[in-house]
Amino acid sequence: MRTMKRVAAVALSVVVLMTSGVSAKAAVTDVQPAKSSSEAVLKWANKIGTLADWGTYTYNNLSEIAVVGDYIYAADDGEHRIMKISKKTGEILKSVSYKNDSYTIHYGAGIGTGDRKIFVGYDNGIIQAFDADTLQSVWITKPVEKVEDKGQYDQSNAISGGFVYDNGYLYASTGTYSGKGSLVALTTKDEDTSKDYEVKEITWQKENDATYYWDKAKSIGNVIVICDASGKLKSYDKKTGEVKSEVKIDNKFSGGIAYDTSSKTIYLAADHAIYGENNKQTDSTANLYGVKIENDGTFGAVNKVEIGEHEHIASTPEVYNGKVYVSGTAFDYSKGFMAVVDVVSDQYKVNYKADLPGYSQSTPIVVKDGTDSVNVYFTVNANPNGGIYVLKDSKGATSGTAEKIFEPEKDDQKQFCANELHIDNDGTLYYINDSRYLFAVGKKVSNKTPSSSEATTVVNETKVKPVTKTVKSTRSVKLTWKKKKGAKGYVIYAKAGKGKYKKVTTVGKKTSKTIKVNKDSSYKFKVKPYKLTKKNKKKYFKAYAAKAKFGNKTVKVTFKNVTGYASYKVQMKAGKAAYKTVKTTIKGGTITYTKKKAKVGTTYKFRLKGINKVNGKTVSVTIK
């Protein structure tokens, strides 16, 4: 089960796991990312949306990302939108609102990709498809049927387990922390291209006695395989939903499944729970299971190995070359580990466990490094010591050390991370954490020493985009307003000076919002609450004033992935003035400069100079 990352969640003893499995991330690959902290370089880090407010239960859920081609996709409850993000810069290229502002995604949910579409599942059991290029809505389903009725708070149809796309079909698992769940299937074809919100029918839905809360299915041959929270493993016929086989492994399962085609074996991790008085769990033993599966989806022999006593495990393993890599934690969460398990024979054996500062809850990425060696990459759910780690494993190894290759430098970027790690064809690693930052981590390019004839024009071979930047100064304003009973959301309006009120944005049920203004003027703000009719039409209440707290007048510039020079100068010009040096630093990577007391509405231009000494002479170059 995935560990909820906030004090309030821990108090509820809700321990859960999120796995994505919906993006184009490779689980076993030949692509080579950075192998050490000295090689790793932050290409960019961009914040998406607003942080959750756990004190007021304003979650602002952000989905697991999906990396496909040149883009990154994610869903954001803070702005009720689906986003298409540049993989190169982290810039949000396009965003489109959910079908309805009242829709929300489940905490820790993933989005799906396939058939040139992006799939988002909401807490109310509705699935919506967007065109991957334009983000235009393609179709939307009726709510998946609830499998039990607990009243208005029942979310047994919440799309919490993510998606599996396979050959024109989409599969999704549902359920919350307790109760029941179901597995559903539907086609992804757009039958009526003239309708943005064509109603898509569910092909089949199979109810289950236990929940599929964050439990991820696996496509194997002609069946879909999934394990529920009680430890019951089932295989379903892809076309009909008929149960082909089932087997009980253990209780307390949550996560995903690995599959080895050579041995036709499924691998999954689960807990053997130990209970004390009042049926309260007091301890657990972490286990790894291997289950044979035949071509027709029938389960065969079940093998098991104990990973450790007084330990908890609920992550998705990966298998390669006779070894399974899976992470767990001490039962009290005091530390984590990455276990390396030999599964060549039916007598599984734990070769060793590498200590971690926290629980890794990302599916390991296994990178081949020669004939008998691999590098295993993953994130670690710790704060402030979270980030990307690598475990170097080789044939016959009986011990190993996990090395941290990247962690965020800035305090506001350091946070817990139970999210997946993704890798692209260039070896760049991507992930998000609870700071709401999205990170892209690449590897440094080797430099060459220039000759004297090259010194005035080229000082290294690193290819960098032109970095002259133009930034228009803005001012942040934090707005707060009184809550309106019955309101489903609020429309924010602003008036500059003696002008007219203009719409700024629409928010959900929260009663605060930080916006930016781009004029030196007096501003007034108001909000107009609304509720929804039975036909999902907005009915507005009377508008009233919002309080405004103005932030500093600043303008900030950031230069990313800068390497190859002994020192750097940031130069700035305001309007038509000349460039002036405003910052000098010897540190490359990400260079930032903030102009305080900037004039709102003024255009500032920045450029970056790289400085080296070549044959005893100082050479200054505008980096291109």
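Preceding block: the structure.
In this report, the structure presented in the accompanying data block is examined. The structure presented is a predicted model; accordingly, all values stated were derived computationally and were not measured. (Residues numbered from 1 in each chain as written. Predicted model: local features only at pLDDT ≥ 70, side-chain atom pairs only at ≥ 80, totals over all residues. Heavy atoms only, no water.)

### What about the side chain of Asn351?
Turning to its location among the elements, Asn351 is positioned in strand β28 (residues 349–356). What makes Asn351 buried here is its relative accessible area of 16%. (Helix = DSSP H or I, 4+ residues; strand = E, 2+ residues; numbered from the N terminus. Buried < 20%, exposed > 50% of the residue type's maximum accessible area, 1.4 Å probe, protein only.)

### Examining the sheet that holds strand β3 (residues 66–68)
Pairing is antiparallel across the open sheet formed by four strands, whose spatial order is β3-β4-β5-β6. Looking at which strands have only one partner, the edges of the open sheet turn out to be β3 and β6 (92–97). For this sheet, the mean inter-axis angle between neighbouring strands, taken without regard to orientation, is 20°. Both β3 and strand β4 (residues 71–76) contribute to a ladder of three bridges, which runs antiparallel. Residue pairing for β4: Val67 is matched across the bridge by Ile72. (Pairing = 2+ DSSP bridges. Axes fitted to C-alpha atoms, helices over the stretch in contact; angles between N-to-C directions.)

### A short note on the pattern of salt bridges
Using the criterion set out here, one finds 18 salt bridges in the structure. The closest approach of N and O atoms between Glu407 and Lys404, which form a salt bridge, is 2.3 Å. For Lys404, a relative accessible area of 29% puts it in the partly exposed group. Across the pair Lys587 and Glu409 runs a salt bridge, and its minimum N-O distance is 3.3 Å. (Salt bridge = Lys/Arg side-chain N within 4 Å of Asp/Glu carboxyl O.)

### Here's the deal with the sheet that holds strand β13 (residues 181–187)
Pairing is antiparallel in the open sheet, where four strands are placed in the order β11-β12-β13-β15. Here the strands that pair on one side only, and so sit at the sheet edges, are β11 (163–166) and β15 (204–208). In this sheet, neighbouring strand axes are inclined to one another by 15° on average, regardless of whether the strands run parallel or antiparallel. Where β11 lies against strand β12 (residues 169–173), four bridges are found, and the strand directions are antiparallel. Its bridge partner being in β12, Phe163 is matched across the sheet by Ala172.

### Digging into the pairing of strand β8 (residues 117–121)
Counting buried residues along β8, five of its five residues qualify, which places the element largely inside the surrounding structure. The side-chain alternation of β8 yields two buried faces, one formed by Lys117, Phe119 and Gly121 and the other by Ile118 and Val120. Of the strand pairs in this sheet, strand β7 (residues 112–114) and β8 are connected by three bridges, and their pairing is antiparallel. Note on β8: the bridge partner recorded for Thr113 is Ile118. Hairpin connection between β7 and β8: a loop of two residues separates the two successive antiparallel strands, and Asp115 in this loop has a positive phi of roughly 55°. In the sheet, β8 pairs with strand β9 (residues 127–131) via five bridges, with the strands oriented antiparallel. Of the residues in β9, the one forming a bridge with Phe119 is Ala129. The turn joining β8 and β9, which pair antiparallel and follow one another in sequence, is formed by five residues; a positive phi near 85° is taken by Gly125.

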